[in-house]
Each structure stands twice: as C-alpha cells, then as structure tokens.
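Residue-level listing of the chains:
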There are 4 protein chains.
Amino acid sequence: MIGVAVIGASGYAGAEIVRLLASHKEVEIRYLGANTKKGLAFGDLFPCYGPLGAMVFGENDPDIYLADTDVVFLALPHGLSVPHVLAVLKAGKKVIDLGADFRFRDVDVYESWYKVQHEARAISEKAVYGLPELYREQIRGEQLIANPGCYPTGATLALYPLVKAGLIDLDSIIFDSKSGISGAGRGLKEGSLYCESAESLKAYGVGTHRHTPEIEQNLTEAAGEKVTLSFTPHLVPMSRGILTTAYARLNQKGLKADIGAVFDEAYGDEYFVQVLPEGSFPQTKWVQGTNFAALGYKVDGRTGRVVVSTAIDNLGKGAAGQGIQNMNLLFGFEENEGLRQMPLFP
Amino acid sequence: MIGVAVIGASGYAGAEIVRLLASHKEVEIRYLGANTKKGLAFGDLFPCYGPLGAMVFGENDPDIYLADTDVVFLALPHGLSVPHVLAVLKAGKKVIDLGADFRFRDVDVYESWYKVQHEARAISEKAVYGLPELYREQIRGEQLIANPGCYPTGATLALYPLVKAGLIDLDSIIFDSKSGISGAGRGLKEGSLYCESAESLKAYGVGTHRHTPEIEQNLTEAAGEKVTLSFTPHLVPMSRGILTTAYARLNQKGLKADIGAVFDEAYGDEYFVQVLPEGSFPQTKWVQGTNFAALGYKVDGRTGRVVVSTAIDNLGKGAAGQGIQNMNLLFGFEENEGLRQMPLFP
Amino acid sequence: MIGVAVIGASGYAGAEIVRLLASHKEVEIRYLGANTKKGLAFGDLFPCYGPLGAMVFGENDPDIYLADTDVVFLALPHGLSVPHVLAVLKAGKKVIDLGADFRFRDVDVYESWYKVQHEARAISEKAVYGLPELYREQIRGEQLIANPGCYPTGATLALYPLVKAGLIDLDSIIFDSKSGISGAGRGLKEGSLYCESAESLKAYGVGTHRHTPEIEQNLTEAAGEKVTLSFTPHLVPMSRGILTTAYARLNQKGLKADIGAVFDEAYGDEYFVQVLPEGSFPQTKWVQGTNFAALGYKVDGRTGRVVVSTAIDNLGKGAAGQGIQNMNLLFGFEENEGLRQMPLFP
Amino acid sequence: MIGVAVIGASGYAGAEIVRLLASHKEVEIRYLGANTKKGLAFGDLFPCYGPLGAMVFGENDPDIYLADTDVVFLALPHGLSVPHVLAVLKAGKKVIDLGADFRFRDVDVYESWYKVQHEARAISEKAVYGLPELYREQIRGEQLIANPGCYPTGATLALYPLVKAGLIDLDSIIFDSKSGISGAGRGLKEGSLYCESAESLKAYGVGTHRHTPEIEQNLTEAAGEKVTLSFTPHLVPMSRGILTTAYARLNQKGLKADIGAVFDEAYGDEYFVQVLPEGSFPQTKWVQGTNFAALGYKVDGRTGRVVVSTAIDNLGKGAAGQGIQNMNLLFGFEENEGLRQMPLFP
C-alpha cells in the first residue's frame, strides 16, 4: 500500500481522483488538501462516500502532507504547482501535476501563452509528459509527471498516429473541440451558471486557447517538424465529456494508406483506447466516468480529408483517470488498476 | 465464483446490473439475454466496456441460460417473469426479479392494480421482498427475491421507521416523488424524447400509479394495520435519480419523540443509508451511480408535520444496485461487494 | 404611449420584463436601470435584441429615471424597494414591485420571516397584492402593486377556489413545489452552477421558505380564518418553470362537490388560466415564456384527497408576465396586451 | 388579411410556424394539416394556446386546404412535397416548402444525395431558394419558395460574403456544426430519447449528410466556380439551436482584407443578422425562439485562417422563422412582421 495525497481535493478534478482511488487496491489516501475547505470533512461536500467521507481537509502545505505520502496529486490552478513540486522532489517522493506548469518542453512557449513567468525552469526538464499511450516507457520510474490537458489528450490521440506515419499535410490540421462545463472548474463564473449554459452552446478562446501550443508540441514531436494548427474549443450543456473532431488533408501517401490499420497498430493493444469501425462515431456518454477514449474516423474521398473524432471524459482520461494511469506506471501497478469501472449509462 | 445470467440486459436496469457486476469479485457474468438484440455483442451497444464488450446477447430462454448459472437477474417488463421464475426454481437456482410480479403478498392487489391475471399464485408465497434494510434476515438463503420498485424503495425508507415506531397519523401520509427519465425505460415513447422532457416537469399517474399499493403494503406491515396513502410521481429532466419528499402528521407520541434518534437507530449501522442532520436535505447527484440512499428530515413545529426526503439512484438502490445487494445476501458475500463505487459527481 | 422604467433590468426577471414589453403596443421603455451594468448597452448582454439593444443601462436613481416615466417596474432583491417606492408615489407615478417588501398585509409577518425591519410601514397599507385573477378590481387605478412571488402564484391559483368554496380541511394543505433554477436569480452561487444542479434535484428551505406566509395570507383570505400549511420548494434542472402539486383533504361538502365546476367557475373566463380535464396534468414546457397557468386536478376517492397541479413560468406568470398584466390593469389596456406570445415548444 | 394553411402542423417546425403566425398582424391561420392527428384540436397537443387551441387538425389534402388559403407552408419529410406543390401552383396560390425537394438547381444532385427520384423536375426550375439575405429580390413575387435547410442557413451565412469577395482558398472550407435535438424531428428514434442524448455529444453523418451539397450549391454560386467542402454535424443536448463553426484559409487578398468590413457590408443593414465585434462569439441561447442569426469571427494570423461562428435557432432562422420571412417578402409585408419577438433568455 502506498500513501497518496490529493492537493486541491475539493475541486472537480481533485474529487474525481478521490473517487477513483477509493476503489484502487494498492493505495491509501492519506491526505486531502483544500485551503478553502480546511476543517471540513470530505463527507460534508460529498455526503454519500462511505468511510472516506470522514477524512478532513487540511491545508495545501507540503510540510504536512508529505509526512506520510509516497505520491502527490496536484489539482491546482496553473501557476501554483511550483512550490509543491520543489518540495516533493526534494523529499524524494513522486508528483503528478494536473496543472499546465510542467507540460512544455520549451518553457518560453508556456510563458508566452500563459502570460506568466515560470519559476522553476530547471525543474521543467525533469518532467515527463504523462500521456501513457505515447510515452509509457519514459513515464515509468520518473518522479515528476506533467499530466496532459483535457483538450490536448483528445486531440493528440486523434491525429498522433497519422502524423507520425507521415500521412497528412501538416498545415491542414484543425481541431474543433466541445467540452462539458466541468472543464471550467468549480469556480463561480456567470458563464458556468445553469441558466447561462443550459440549452446553449458557444465557441470561446478562438485562436487563443492555451491548450493550442500543447497540442502543437505533441504533433510537432510526432511529425519531426514544426506543426501549427487551429484549435477551437466550445462549451456544451453537459457536465462531463469532450468530443474533439479533427480535420486533416491526406497527402499522397495518406490517400493510399489504410487509415484503419494505422489506428489499429497504434491503439490495438491499448486497454483505454477503443477504435471504432470506419464511419462509426463515438458519443461522450460511452466513456462517462471512465479513463477510456473512443475514436471514430472517416476518410472522405470527396474532399481528400480524414475526419477523426475522439470522445473522452474530461475528468477521466482528460484529468484524474489519466493521472491515476500515470501513477500506476510510476509504481509498477497494473495500468488499469482503479480504472476498471465501466461507463455510467445513461 | 458464481455464474450469473442477466435477462433483459440491453435495457437500462439490465445494463446497470452488468456495469456493477463488472467490478464484483465473486461473480462471473455468463449469460446476457435480450431477445431484440440477439446476436449483437454487448460492446455494440456499449462500446467502451473492456472484456465484457465481447459477450454476445442470446435469447431469453431458460433452457439455455440456466446451464451454467447460479443466479438469474430478470430485468423484464412486468408480466413476463413467471415462466423464468418457474424454470429457475425447478432447476434449484436462485432468481432476483426486478419486475413487479412477485412483490405482493396479496396477489389480488397485484391483479387489481396491474390489470393482469397472475399466472403463478402459488409461487408468489415463496417470494421474499428484497429490501435488505427491512428484511435482511428473511432474504438470506431464499431462492426467489422480488426486488422492490424504484419509487417504493425511496418512499419506504423515508417513513418506515417512523410508522414502525407509531409516531405518525396513518391517514396523513403523502409521498411526492420526482424521478429521472430512465425510470420510463428505454422504450420509444414520445414523452421520453429529449425535446418533450428537457426543460420541463410534470406529474403523472396521479392517484393511479402501480407503485402505490407496494408502498402501502410496506407501511401497512410497519404499522400493523392498513395504511392508505397518497403517492404522486413526477418526471424530471435528468436521466437518473429519484427524490421522494414525504409528509406526515406527527401524533402525540411523535411530537414528543426524537425523530433523529429513530432514524439513527433504524439506519445508523446501514452502509447504504446516510441520514443527514436535521434540516439538511439530499440531492440526487450525491448518489448518482451508487446503491446509496440519502435521507434528510425536518420536524415542522408550525404544522405538526415531519417532512422526510430521500434521494436514491433509481437504477441503483432503486433497481440494479439493490438487486446485487440482495444477491450478496443470498450467497453470503459482503453486502457491499460490487457496490463500493462512489457517486459520480458532477 | 406610456413611458416605462425597469429597475434591475439586467437580472432574469428584469430582462424578462424588457423582452415582453418589446412587443407591447402601448408602452415605450424609457429607462433601464442596473447599477452593476451602468454604461453598458442592453445589447452587450443580450446581443440579438433589435433596436432595444442600443439602450444603455443607467443607475437605479429615481431622480433620473422618473423624469420621463409613467410606471416603474422594480426587479430588485427584497429590502431595496422602499426608497424607490417612496419616490415614485411622491411623484404621483405608478410602481409595480416584483420584490416581497409590500406583499404582506401584516408587516409583522414580513419582518418575522424576512428577518428585516420594514422601513415604510405606513406605505405598506396602500399596496395592492397583484394577483389579477383574485384581485382584478382592487388593482385598477392603484399606484402601488406588490407583484406576487413565483411560488405563491402557482400555489394560490391551485387551491384558492376550493378554499373559498369551503371544500377542504384547512389543516390538511400541503404544497410541494418544483422550480427551475432561474428562480435563484443570476447571482453567483455554487448551487446555481450547471455542474452542481444538472442531473440533480433537491428540496431546500423546508419549513422555512419565505413564500410560506405569503401563500398562507392568500388562503387565509379565501378561508376567512387562519390557514397554516406546509410548503416545500425543490430545485429542478431546468431554467424556467414552476410546477406546484397541492394536496388537501376534502371535507364532507368537498366530497360531494363538483370540483371541476368550481375551477371552471373560478377560471373559465380567465385568459391566462387553463383548466385541464380531470386526470390530465400539465407540464411546465406548455407555458414556457408565457403568462399562462395550466391547472390539472384529480379527486382521489381512495384517500379523500384532491390533488391539484399548476404549471407556470416562474419568470412569466411568476414574475414579469404578471407584472405586465398588472400594468395593463393599472392603465386600462387590454389585459393580455404584450402577453399574447405563445409558449416556446420545444 | 391573407389565409394560411400549415401542412405538417403537429411536428416541431410546423408548430413553430403556428406559434410565430399567432402574433402576425397580416395573416389568419385557416388550416392545420396533420394526417396522424386528424380530429384532434391544436390545443390537445399544446394546451396553452389561446384561441388557436380550438383549431382542429385536418388531413393533408390540397382539395380541402386550398379552398380558403393564399399561402401554404409545407413542413413535411422530404419526398412528400411534390403533390402539394403541384396543387398549389395549379390553383395559383403560393407555397413555402420547408422540405428539401426543391432546393437544388441541379436535380441530379438532389437525387444522388437523397437516393430518390424527383417527381417534378420541370417544376423545380420555378423554385426560388429562400435565403432572403442573399436572394431577397428573386423571392418577391414568386410562387414557390424552397426554404433552406437548417444547417445550410447557418453555414452559408458564415462564409458567403467572404467567398463572394474572393478572399478564401476554396478547397480549404470546413464547417463543424452542432445542432439541438429538435433537428431530428418529433419521430420516435432511440437516439432522440432523453437518456440517450442528455449529457452526451456525438458527430453523425460524417461526409454523408444531405445538407452538404446544399451548402456547396450556395458557396459555388458565391464563388462562381465549383466548391467542395467538409461538413460535420453533431448532436448536442439541447432542444433548439445550431452553432456552426467555419474554417477557411485566407488567400493573399484575404490576408490583406478587412474581414469585419466585408461582413458589415453584407449584413450591416440586415435586421436578422447581427455581426459581433472581432473575437466575440455568439451562443445559441442569444437567438432562442427568434429568426436572428448572430455571427462572430476571428482572423488567426498564426494559421492564416479565418474562423467564423454563427448561431441560429434551427426552428427559427433554420426553418419556421425564415419561412415567415419569405412569406413576408412574397406578400410585401414588413420583412420582420411576426418575427419581432425577442429571444427567450434564460
């Protein structure tokens, strides 16, 4: 049994880590941090939670939470992770950061898109980008995992294999993503109110969303050359789920390729990625509450494009689930331990 | 490992049994029956389902499904259970019927409210009403469990202890229940369409709903005398969840009683029933996807009434979850085995 | 053409007044007050609004808004209306207050339930309670209208005629109401977030909600003696709509009465109240965006109770629509002028 | 006063025509046709409908409905319009067909995508495509209007001006559209059930949706050369609204152009099209229940693309509203008569 601390445990992603770890055989939750809820019990916020409900939130203070902990999950707004990461590394423990601070190989890109100065540039090099389907071997045995963003997870899974195989025109890539409202977090914003968002739909952050350079980093790595792409997120009246529809022009090689075979080779052995038959497309409810990603695709001969659509749960594969998958790799547990719950439907 | 068959496995309640059993340590699902889906794989309907997705639906034929099975879940429309139950009993196996056919001690009441003739009156006496918090000891070791209806579960839990303790005027009981739309099943009805039910709310079956006599049976048993009550179900724009708000006038004894203590005595040791402090009331999302019931209450001195509100997941404690809880009792497993998933929130 | 000012015009009820007045033939909106939005245009908040979008929000200052105004709508939180009402009355204009400050004949009741001191007790006597179906004649020609609360409108319409006719036991009255989330206003509260309220349902304010004494005042007036009743509001995942299900025991006279005839006599000539045939029950979507109320009822011989259910739009008949109906009475316009829009469905 | 017949009046689009015409000053609804509801009153389906509720549905028989009618709205599934159109034209009346049968200049395209044989090719030439913002002058005085599809309306408005001005690479056009569920009609399909579609999202008809050639026809007309494009519709858990996000690469001329000025020139005088400032994007709720279209755009220098997003109500500007706008042009009424209702919000 390893000991786990969850910092930021009262937000949606933090609480989802708690929910999933509750059924994990190899870990024990030893600390729940939430500055604003200090002194409250987890069960005060989530009343039907069995024994875990009795745990009391403490401060987000490494001096306290590291005492009895082997691995720390950070579910904090970006910009707040650095002191925690420094403390964890110094203590020789492991940390999985759900924030953006350590996701970028080029810290300048982070600073430019996030409009902040990074306060631990040197440490940034030690971080591994925690998308197991791409970087499984690099993750094992590391100390610091930068858990991918929710949109970048769905977008990267959609096109990485095709880019890697050199099948698409790199200047033609467009991601149109649609997210449930939990992606905006539990903070009080007018746009997150039921009455503002129900029965409605909108694009936001067009051309400026901070997940854009993260997706570009991933596909650039796949391509071996700089990729610039369009990414448009939308807000959809549902709590969970991201559907990303990706568009790319197939090049000559791509037009001749067996696209299905490329996806099968990439994901055929992956427990958490389900490739559907060509022309079948996933709905987000199929993965609700899970770490699964479902992928549909269609080669459109009329336009020479391939359309790929991925469905994930933004709090699952897009955040907490993937974080636990990373933890399992870090500690040599079965990769799907704690993640075998089937999707809630309906 | 015991073998399980789920008959009616493509509907919402049937599929929920499959979902929950997927994480049950003591059972193996050996048969999925669904006449209309015969030949399809479970994964054709629920694509992200891990290994279980490969199971193929077969006919609802006892000669086939009993071969390798220790217990059968029947998730069929009322009136269809009898031949299955007869076959299971004859084979010396166990059966948990989610339908209404065997819930009534007085078969005449069933026939009168359901407008059908019961085709196995003699067998009806062997059935145990499967509400474990009330009838735990009677359930153990039986063969035929009549799983309670969704509304009766929430309603009965709300007032049973108070009625049993003789604290309320028996002619004053009113249940106002509100259910998510999965309660109407997966059938194609205009009223179940998104556009008809979203952003809307209505009462239905006022004074005539078939769950009325089932609740009356339970409270009559608690009271030791005939209870007649009002029950009004409503349809709410959400997929899962039932909230039942119960109203009753406290009698002289009730006005002096410590209502909270009565609930604590009834449910304090129950894993699946969470009694909230007086004046706190549950929301259905707190129990989403689980077998929990959350109960809030308030003694209103102005009116002399007690108001009790219970939240359950109609597919969980209201159907599949309770069915598995019953199975655990039948086979001597831990009562919450397979039911330790925490609620999905948000 | 009369001139109208709407104070609190950026909230849900205030904006609904604007929306409805936009198609009213006899009025011109001359002032939109919203302290927090001062300087913004209405079209900045509601971009597709035709010519009205160009109007700029001003302060909630009577010295400014009374200049060119015949009638003022106050859509402010309770407790803020008094200075506006004093200024309007002094100027000899008319005012329709959507808040609670002037709804109570007995100001002590207001102070006791709202936990505030009323700052204009003397004025309170001049207010008329603006439920036109009950007090049409008293409303005409008055200066100060206290617009009813949303829940009290639906609840009062449900049982007023039966109480008035002396058909029910006055100690048996229970209102179980369910409201869309716009009833909580546009303020930033965690409970109003999409992710907290979607796919969920809860009771709140049990035994303590401030609309209780308002309903009691109305039914007391109908009965000619003090009525004490139970009222439980619930929050439902939809933006608009209130469904109130009322329960009452019929007395000897009531058991013999023709309940449908009583409703027909009360509402048969009312444009805005639709009585359904016995056993038919309304859904809130039938009145979405309108000033209609739909009423269903059922006499339940088994229990001796009558169950009545009313559906209104909480922002329509429950607030803005009724306010405009009152204005039409004040100025002698056709009572349904500006209110002839049919319900949005789906 | 002209007389109107609505054929297919019990479906969502047909009933929306009735709803809007109810407040139209120049018309009288004289016939409601709905084969499956014959003999029922409109008020049986939509109980709160004022005087219109008393109208009784008749058969969809031109011999009956043309007697007293100047213009007919056809809200029928595609393929059923031809006999009605022939009868109306023969009688010298006018017809607005909400179906697809007469939208295509090249009937072969219709037959190829809709997999049917067109039974009135000769008549097809007489049809005018009823998108008033593009073809206002051609519409006036005609007899047969082919009302545009819902997706094509939003998509065409998004890019028509830019294509017409020669600013974009014609092989780079992608439309990613998201529709509310009323777009699927009132028919009983499993995918339209609340429990299947709520809290979920999916793409469908990828590369094969029948609205693709209709959008291509419109943009081909704008370009003066053949345009082939990608169009992906998605189903979103809301009743009404379509958001279309369009992507196109700007050519050299386009990169230098003032895109905002192009939109202003195209739509600056249009009552029903609202162009937002660059970088502001619309939400569908802003146009709920109306004939408005809201358009946002962003020139993305990084990628050389323009992103344009339009929000319409699929039953408003996407169907019934636009139909009435066309009727107003046909008869010389004010173009926004009957269409001045402001959006329902929230």
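Residues numbered from 1 in each chain as written. Chains lettered and ligands numbered in written order. Predicted model: local features only at pLDDT ≥ 70, side-chain atom pairs only at ≥ 80, totals over all residues. Heavy atoms only, no water.

Overview of the overall build of chain A
Part 1: A tally of regular secondary structure across chain A gives 13 helices and 13 strands.
Part 2: Taking 2.2 N^0.38 as the reference for a compact globule, 346 residues should give roughly 20 Å; the C-alpha atoms of chain A span a radius of gyration of 20 Å, in line with that estimate.
Part 3: Its C-alpha atoms put chain A at 60 × 45 × 40 Å along the principal axes.
Part 4: Here chain A holds 346 residues, and 68% of them are scored as buried.
Part 5: Summarising the internal contacts of chain A: among those between residues at least 6 apart in sequence, 70% fall at separations of at least 24.
Part 6: Positive and negative charge centroids in chain A, built from 32 and 40 side chains respectively, lie 2 Å apart. (Helix = DSSP H or I, 4+ residues; strand = E, 2+ residues; numbered from the N terminus. Rg over C-alpha atoms; globule rule 2.2 N^0.38 Å. Buried < 20%, exposed > 50% of the residue type's maximum accessible area, 1.4 Å probe, protein only. Contact = heavy atoms within 4.5 Å. Lys, Arg positive; Asp, Glu negative; His and termini not counted. Charge placed at Lys NZ, Arg CZ, Asp CG, Glu CD.)

Notes on helix α8 (residues 150–164) of chain C
Residue and element names in this part refer to chain C.
Part 1: Here α8 spans 21 Å end to end across 15 residues, near enough to the 21 Å set by a 1.5 Å rise per residue.
Part 2: Residue T156 marks the point of greatest curvature in α8, where the axis turns by about 35°.
Part 3: Burial analysis of α8 places 14 of its 15 residues in the buried class, the great majority of the element.
Part 4: Positioned one or two residues after α8, G166 has a phi angle of 70°, which is positive. (Expected span 1.5 Å × (residues − 1). Bend = angle between axes of the 7 residues up to and from the residue.)

Notes on the packing of aromatic side chains
Part 1: Counted according to the given criterion, the structure contains 70 aromatic pairs over all chains.
Part 2: Ring centres of A:Y194 and C:Y194 lie 5.3 Å apart, and the angle between their planes is 5°; on these two criteria the pair is classed as stacked. In this pair, A:Y194 sits in helix α9 (residues 194–197) while C:Y194 sits in helix α9 (residues 194–197), so the two residues belong to two different chains.
Part 3: A relative accessible area of 5% means that A:Y194 is categorised as buried.
Part 4: Members of the aromatic cluster, each reached through a chain of ring pairs, are A:F42, A:F46, A:Y49, A:F57 and B:F345.
Part 5: If you follow A:K94 out to its NZ or CZ, it ends over the ring of A:F331, 5.8 Å from the centre.
Part 6: When the ring centre of C:F345 is taken as origin, the NZ or CZ atom of C:K285, which lies over that ring, is 5.6 Å away. (Phe/Tyr/Trp six-rings, centres within 6.5 Å; stacked < 30°, edge-to-face > 60°. Lys NZ or Arg CZ within 6 Å of the ring centre and 35° of its normal.)

Focus: the sheet that holds strand β7 (residues 174–179) of chain A
Picture the strands of a sheet paired through backbone hydrogen bonds; they go either parallel or antiparallel.
Part 1: One open sheet accounts for seven strands, arranged β8-β9-β7-β10-β13-β12-β11 (chain A); its pairing is mixed. With partners counted over all chains shown, the strands left at the sheet margins are β8 (202–203) and β11 (273–275) of chain A, one partner each. (Pairing = 2+ DSSP bridges.)

Re the relation of the copies chain A and chain D
Part 1: Least-squares fitting of chain A to chain D yields an RMSD of 0.0 Å, with the superposition described by an axial translation of 0.0 Å and a rotation of 180°. Considering both components of the superposition, the chain copies are consistent with a two-fold axis. It is A:P237 whose C-alpha, among those of chain A, lies nearest the rotation axis, at 3.2 Å.
Part 2: Most of the interface of chain A is mirrored in chain D: 100% of its interface residues are interface residues there too. (Least-squares fit on C-alpha atoms with pLDDT ≥ 70 in both.)

A closer look at the pairing of strand β1 (residues 2–7) of chain B
Residues and elements named next belong to chain B.
Part 1: Most of β1 is tucked away, with six of its six residues classed as buried.
Part 2: Burial along β1 is two-sided: the residues I2, V4 and V6 and G3, A5 and I7 are all buried.
Part 3: In this region the chain leaves β1, passes through helix α1 (residues 12–21) and returns to the parallel neighbour strand β2 (residues 27–33); the handedness of that crossover is right-handed.
Part 4: Of the strand pairs in this sheet, β1 and strand β3 (residues 71–74) are connected by four bridges, and their pairing is parallel. Its bridge partner being in β3, I7 is matched across the sheet by L74. (Right-handed = clockwise from strand over helix to strand, strands pointing away.)

Side note on the packing of helix α1 (residues 12–21) of chain A against helix α13 (residues 316–331) of chain A
Residue and element names in this part refer to chain A.
Part 1: Packing of α1 against α13 brings their axes to within 8 Å, and their N-to-C directions diverge by 50°. With respect to their mutual orientation, α1 and α13 come out oblique. Crossing of α1 against α13: the hand is right-handed. Between α1, through A13, E16, I17, L20 and L21, and α13, the contact on the second element is made entirely by A319, A320, G321, I324 and M327.
Part 2: Across the contact of α1 with α13, the residue classes tally to eight nonpolar, one polar and one charged. (Axes fitted to C-alpha atoms, helices over the stretch in contact; angles between N-to-C directions. Parallel < 35°, antiparallel > 145°, perpendicular 65-115°, else oblique. Left-handed = near helix turned anticlockwise from the far one by under 90°. Nonpolar A, V, L, I, M, F, W, Y, C, P; charged D, E, K, R; others polar.)

What about the pairing of strand β9 (residues 230–235) of chain B?
Residue and element names in this part refer to chain B.
Part 1: Burial runs high along β9: six of the six residues are buried.
Part 2: With burial as the criterion, each face of β9 is covered, one bearing S230, T232 and H234 and the other bearing F231, P233 and L235.
Part 3: Alignment of strand β7 (residues 174–179) against β9, held across six bridges, turns out to be parallel. Residue pairing across strands places D176 opposite T232, the latter belonging to β9.
Part 4: When strand β8 (residues 202–203) meets β9, the two strands line up antiparallel, connected through two bridges. From the neighbouring strand, K202 faces β9, where its bridge partner is L235.

Quick notes on the interface of chain D and chain C
Part 1: Of the residues lining the interface, 35 residues belong to chain D; the matching set on chain C comes to 35 residues.
Part 2: For the pairing of chain D and chain C, the buried interface totals around 2,900 Å² over both sides, and the portion due to carbon and sulfur atoms is 70%.
Part 3: Sorting the residues of chain D by area buried against chain C places D:C48, D:M342 and D:L344 first, and these three jointly supply 24% of that buried surface.
Part 4: Here chain D and chain C share zero salt bridges between them.
Part 5: Taken together, the connections running from chain D to chain C amount to five residue pairs in polar contact (both at pLDDT 80 or more).
Part 6: At three residues, helix α1 (residues 12–21) of chain D tops the list of elements feeding residues into the side of chain D that touches chain C.
Part 7: Residues that form the side of chain D that touches chain C fall into these classes: 22 nonpolar, seven polar and six charged. (Buried area = accessible area lost by both parts, 1.4 Å probe. Salt bridge = Lys/Arg side-chain N within 4 Å of Asp/Glu carboxyl O. Polar contact = N/O pair within 3.5 Å; in protein donor to acceptor, adjacent residues only side chain to side chain.)

Let's talk about the relation of the copies chain D and chain C
Two copies of one chain are present, and they are related through a rotation about an axis combined with an axial shift.
Part 1: At an RMSD of 0.0 Å, chain D and chain C line up after a rotation of 180° and a shift of 0.0 Å along the axis.
Part 2: In this assembly, 100% of the residues forming the interface of chain D have copies in chain C that are likewise at the interface, indicating an isologous arrangement.

A closer look at the nonpolar core
Part 1: Core analysis: the largest hydrophobic core is formed by 369 residues, its most contacted members being A:L159, B:L159, C:L159 and D:L159.
Part 2: Not counting the four nearest positions on each side in its chain, A:L159 is found in contact with A:I168, A:I173, A:F175, A:L219, A:A246, A:A248 and A:V308. (Core = buried A, V, L, I, M, F, W, Y, C linked by side-chain atoms within 4.5 Å.)

Here's the deal with the environment of A:L134
Residues and elements named next belong to chain A.
Part 1: Along the chain, the position of L134 falls in helix α7 (residues 132–139).
Part 2: In the structure, L134 is positioned 23 residues away from L157 in sequence and 8.8 Å away in space, judged by C-alpha atoms.
Part 3: Those residues in contact with L134, other than ones at most four positions away along the chain, are T156 and Y160.

Section: the environment of C:E199
Part 1: As for its position among the elements, C:E199 is in the loop between α9 and β8 (202–203).
Part 2: Note on C:E199: relative accessible area 7%, which makes it buried.
Part 3: Put simply, C:E199 and C:V236 are 37 residues apart on the chain and 8.6 Å apart in space, counted from C-alpha to C-alpha.
Part 4: Excluding its chain neighbours within four sequence positions, the residues that come into contact with C:E199 are B:P237, B:M238, B:S239, B:R240, B:T284, B:K285, B:Q288, C:P237, D:Y194, D:A198 and D:E199.

Points about the interface of chain A and chain D
Part 1: Taken residue by residue, the interface counts 51 residues in chain A and 51 residues in chain D.
Part 2: Overall, the association of chain A and chain D removes approximately 4,100 Å² of surface from exposure, summing both partners, and the carbon and sulfur fraction of that is 52%.
Part 3: The largest share of the area that chain A buries against chain D comes from A:E199, A:L201 and A:R302, three residues that together contribute 17% of it.
Part 4: On the surface where chain A and chain D come into contact, there are four salt bridges.

A word on helix α12 (residues 259–267) of chain B
Residue and element names in this part refer to chain B.
Part 1: Of the positions making up α12, those classed as buried are I259, G260, V262, F263 and Y267. Down the axis of α12, the smallest arc covering the buried residues is 160°, so these residues share one side.
Part 2: Tucked inside the fold, the buried residues of α12 contact α7 (132–139), α8 (150–164), α11 (252–256), β11 (273–275), β12 (293–300) and β13 (305–312).
Part 3: At the N-terminal boundary of α12, the capping side chain belongs to D258, with an oxygen 3.2 Å from the backbone nitrogen of G260. (Arc of directions from axis to C-beta.)

A word on the sheet that holds strand β4 (residues 94–97) of chain B
Residues and elements named next belong to chain B.
Part 1: What the six strands build is an open sheet, ordered β2-β1-β3-β4-β6-β5; its pairing is parallel. Each edge of the open sheet is held by one strand with a lone partner, namely β2 and β5 (128–129).
Part 2: As defined by bridge partners, β4 adjoins strand β6 (residues 144–146) across three bridges and the pair is classed as parallel. Note that in β6 the partner of I96 across the bridge is I145.
Part 3: Taken strand by strand, helix α4 (residues 82–90) contacts β1, β3, β4 and β6, and its axis lies near 155° from that of β4.

A few points about the side chain of C:K93
Residue and element names in this part refer to chain C.
Part 1: Here K93 shows up in the loop between α4 (82–90) and β4 (94–97).
Part 2: Despite its burial, K93 pairs with no opposite charge, the nearest such side chain being D70 at 5.7 Å.
Part 3: Here T69 takes part through its backbone oxygen, which lies 2.7 Å from a polar atom of the side chain of K93.
Part 4: Ignoring anything within four residues of it in the chain, the contact list for K93 reads L66, A67, T69, D70, V88 and Q143.

Observations concerning the environment of D:N218
Residue and element names in this part refer to chain D.
Part 1: With respect to the element layout, N218 can be found in helix α10 (residues 211–223).
Part 2: Using a relative accessible area of 0% as the deciding quantity, one classes N218 as buried.
Part 3: Counting along the chain gives 62 residues from N218 to T156, while the straight-line C-alpha distance between them is 6.7 Å.
Part 4: Excluding residues that lie within four positions of it along the chain, N218 makes contacts with Y129, Y135, T156 and Y160.

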